[in-house]
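Residue-level structural notes
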Amino acid sequence: MLSERLLSKTIGFGATHLLRSKDAVSPLVPAPQPGHEYLLYVHVPFCDVLCPYCSFTRFPFKEDLAVRYFGALRKELKMIRDLGYEPTSAYIGGGTPTIMMDELERTIDYMRELFPTIHEVSSETNPPHLDRKRLERISRMVQRFSVGVQSFDNTLLKRMDRYDKYGSAEEIVERIQNVHDMFDTFNVDMIFNFPGQTPEMILRDIDIFKTTGANQLTYYPLMASPGSEKLMQTCFHGQVDYKLEKTLYHTLFDRMTAPVSEGGAGFYATDVYTFAADRDAMIDEYVVDYAEYVGAGCGAYSFLDEHIFNNDSSVSGYIQRIESGHMSVASCIEMGRANWKRYRMGRELFGLRLDNRAWRRDFGKYIQYDMPIEYGYLAANGAFDKNNADELTLTRRGRYLVLVMMRQIFIGMNTERDRLRTQLPADERKMFSDSAERQIAAAQAADAE
């Protein structure tokens, strides 16, 4: 545990300071570079429920505001096209992209028209939207559909304020069973390491997942920023226990990859915490396949050539920027060459294999010699299974070390989102304070049952 704690503190400290953005000089993202492959990330920030663990840019749904937002979003997509981007894949996240199905379908149609190079589209959703009639058209537009479930434990769902609005675990299972066959890849998003969660609860969740018919599961570690962690402590009556995280992770990994004959799911690990019935399925973590992506929408990030460009985190500010004819970049993070290479190392290992020959092609040295400190730390702690001039792959211990690395990077990004949220207009900040009060009330109601 000492090595994991040291890694967590070191990367967490570094990420928090590195990922603090500065006001952008230009409201534009740079033009694409010849020969680079890009993903298009599209953000829809509206939700019926603002969950206490979530630090992504999101706002309570208001129909009139959302209509204006989707209109602005389509204008920004055209601006990205006019810069010369030709993405090969698109990921629509949130928030809840399916919160206005007509607007989402119109946006995907327009996106396909602008970018005929896109060969696959992923979209997120939430349980209430899993209805065959509602999904009939989008099932022909989207190849990978991902539903945010988080847990099949009704008590946890109540503490998240999801039970009344999104349905009980039993209702969610039935909805997934009714629609999972409509998409090439149907993914269920879960979270582990909620305060109070036990290995037995994880195993029960997996056993329930096996009955859904879904062919992919992404089991995220809880990545609570300092702001969301305080609210979680109130709603869940406990602190996030990173000592328990390792046990929970190995529990879920072993059960998901064990053969069906031994009580497991019989799935393949396609990255550190994604599991699929088909080894070659589209995976949830697009960062594995795409080093660079351009973001559209309020609060979206663009990872481009050693920089991270942040779009305006205020939904009203975002709309105003776009409607005035400008792109929405509000701030920028300069990663620099060394940190960009560290991110690539973590990203590739997160995908369970680092191509060492490609590393040498791109940087002139094998990773052992190019990044001796980072490589040496992982090697000394038993992270590598295969470790040669061709590739680096991970041991059981290595998978968890990489999970810790990526968890802390994502927490660093969430911490920056928290900071930017403090700069929102007063009316938008009030949305979050009102939502937090509702979440606390829901947790108290769950206690009273």
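Shown above is the structure to which this text applies.
Summarised in this report is the structure supplied together with it. (Residues numbered from 1 in each chain as written. Predicted model: local features only at pLDDT ≥ 70, side-chain atom pairs only at ≥ 80, totals over all residues. Heavy atoms only, no water.)

1. Regarding the overall build of the chain
- Counting its regular elements, the chain contains 17 helices and 18 strands.
- For 449 residues, the compact-globule formula gives about 22 Å, and the C-alpha radius of gyration of the chain, at 21 Å, lands near that figure.
- Its C-alpha atoms put the chain at 55 × 55 × 40 Å along the principal axes.
- Burial analysis of the chain (449 residues in total) assigns 60% to the buried set.
- The contacts in the chain between residues at least 6 apart in sequence include a share of 72% that link residues at least 24 apart.
- Total accessible area on the chain stands at roughly 18300 Å², and carbon and sulfur atoms take up 49% of it.
- Computed over 53 positive and 63 negative side-chain charges, the inter-centroid distance for the chain is 4 Å. (Helix = DSSP H or I, 4+ residues; strand = E, 2+ residues; numbered from the N terminus. Rg over C-alpha atoms; globule rule 2.2 N^0.38 Å. Buried < 20%, exposed > 50% of the residue type's maximum accessible area, 1.4 Å probe, protein only. Contact = heavy atoms within 4.5 Å. Areas by Shrake-Rupley, 256 points an atom, 1.4 Å probe, with all protein chains shown as cover. Lys, Arg positive; Asp, Glu negative; His and termini not counted. Charge placed at Lys NZ, Arg CZ, Asp CG, Glu CD.)

2. Regarding the layout of surface pockets
- If you add up the space inside the second largest pocket, you get close to 420 Å³.
- Along its surface, the second largest pocket is lined by 17 residues, and His36, Ala291, Glu292, Trp340 and Arg344 are the ones closest to its centre.
- Counting residues per element, the ones that place at least two in the lining of the second largest pocket are helix H12 (336-350) and helix H13 (356-363).
- Broken down by element, the residue count for the lining of the second largest pocket peaks at 5 residues, all from H12.
- Taken together, the residues of the lining of the second largest pocket break down into 5 nonpolar, 3 polar and 9 charged. (1 Å grid on protein atoms, 1.4 Å probe; cavity = no way out; pocket = protein on both sides within 12 Å on 5 of 7 lines; lining within 4 Å. Points joined across faces, edges and corners; volume = space filled by probe spheres on them. Nonpolar A, V, L, I, M, F, W, Y, C, P; charged D, E, K, R; others polar.)

3. Details of the packing of helix H2 (residues 63-82) against helix H11 (residues 315-323)
- Two numbers describe how H2 lies on H11: the axes approach to 9 Å, and their chain directions differ by 50 degrees. Relative to H11, the element H2 is oriented oblique. Along this stretch, H2 crosses H11, giving a crossing that reads as left-handed. Contacts between H2 and H11 pair Leu65, Arg68, Tyr69, Ala72, Leu73, Lys75, Glu76 and Met79 from the former with Val315, Tyr318, Ile319, Ile322 and Glu323 from the latter. (Axes fitted to C-alpha atoms, helices over the stretch in contact; angles between N-to-C directions. Parallel < 35°, antiparallel > 145°, perpendicular 65-115°, else oblique. Left-handed = near helix turned anticlockwise from the far one by under 90°.)

4. A few points about the pairing of strand E8 (residues 185-192)
- Counting buried positions along E8 yields 8 of 8 residues, so the element is predominantly enclosed.
- Relative to E8, strand E7 (residues 144-150) is paired through 6 bridges, and the arrangement is parallel. If you follow Val147 over to E8, its bridge partner there is Val188.
- After leaving E8, the chain enters helix H8 (residues 199-209) and then returns to the sheet as strand E9 (residues 216-221), a path that is right-handed. (Pairing = 2+ DSSP bridges. Right-handed = clockwise from strand over helix to strand, strands pointing away.)

5. Points about the packing of H12 against helix H15 (residues 372-380)
- At a minimum axis distance of 11 Å, the contact between H12 and H15 shows a crossing angle of 35 degrees. Considering the relative orientation of H12 and H15, their crossing is right-handed. Taken together, the residues of H15 that come into contact with H12 (itself represented by Arg342, Met345 and Leu349) are Glu374, Tyr375 and Leu378.
- For the contact of H12 with H15, the class distribution of residues is 4 nonpolar, no polar and 2 charged.

6. Structural notes on the sheet that holds strand E16 (residues 353-355)
- Pairing is antiparallel in the open sheet, where 3 strands are placed in the order E16-E18-E17. Looking at strand neighbours, the two that pair on one side only are E16 and strand E17 (384-387), the edges of this open sheet. For this sheet, the mean angle separating the axes of adjacent strands, direction not counted, is 10 degrees.
- Relative to strand E18 (residues 391-394), E16 runs antiparallel, the two sharing 3 bridges. Bridge pairing in E18 places Leu354 opposite Leu392.
- Sitting on the sheet, H12 touches E16, E17 and E18, and the angle it makes with E16 is about 125 degrees.

7. Concerning empty space enclosed by the protein
- Summed over all chains, the structure comprises 2 cavities of 30 Å³ or more.
- What the largest cavity holds in volume is close to 920 Å³.
- Taken together, 45 residues make up the lining of the largest cavity; nearest its centre are Cys54, Phe56, Gly94, Glu124 and Tyr220.
- Elements represented by at least two residues in the lining of the largest cavity include exactly strand E2 (38-44), strand E5 (89-94), strand E6 (120-125), E7, E8, E9, strand E13 (301-304) and helix H16 (396-421).
- Looking at the lining of the largest cavity, the element that brings in the most residues is H16, giving 5 residues.
- Looking at the second largest cavity, its volume works out to about 40 Å³.
- Thr57, Ser313, Arg417, Leu420, Arg421, Leu424 and Phe432 together form the lining of the second largest cavity.
- In terms of residue count, the dominant contributor to the lining of the second largest cavity is H16 (3 residues).
- Partitioned by chemical class, the residues of the lining of the second largest cavity number 3 nonpolar, 2 polar and 2 charged.

8. Things to note about the side chain of Glu103
- Looking at the element boundaries, Glu103 is found in helix H3 (residues 101-114).
- Judged by relative accessible area, which is 12%, Glu103 ranks as buried.
- Those residues in contact with Glu103 that lie beyond four places of it in its chain are Val67, Phe70 and Arg74.

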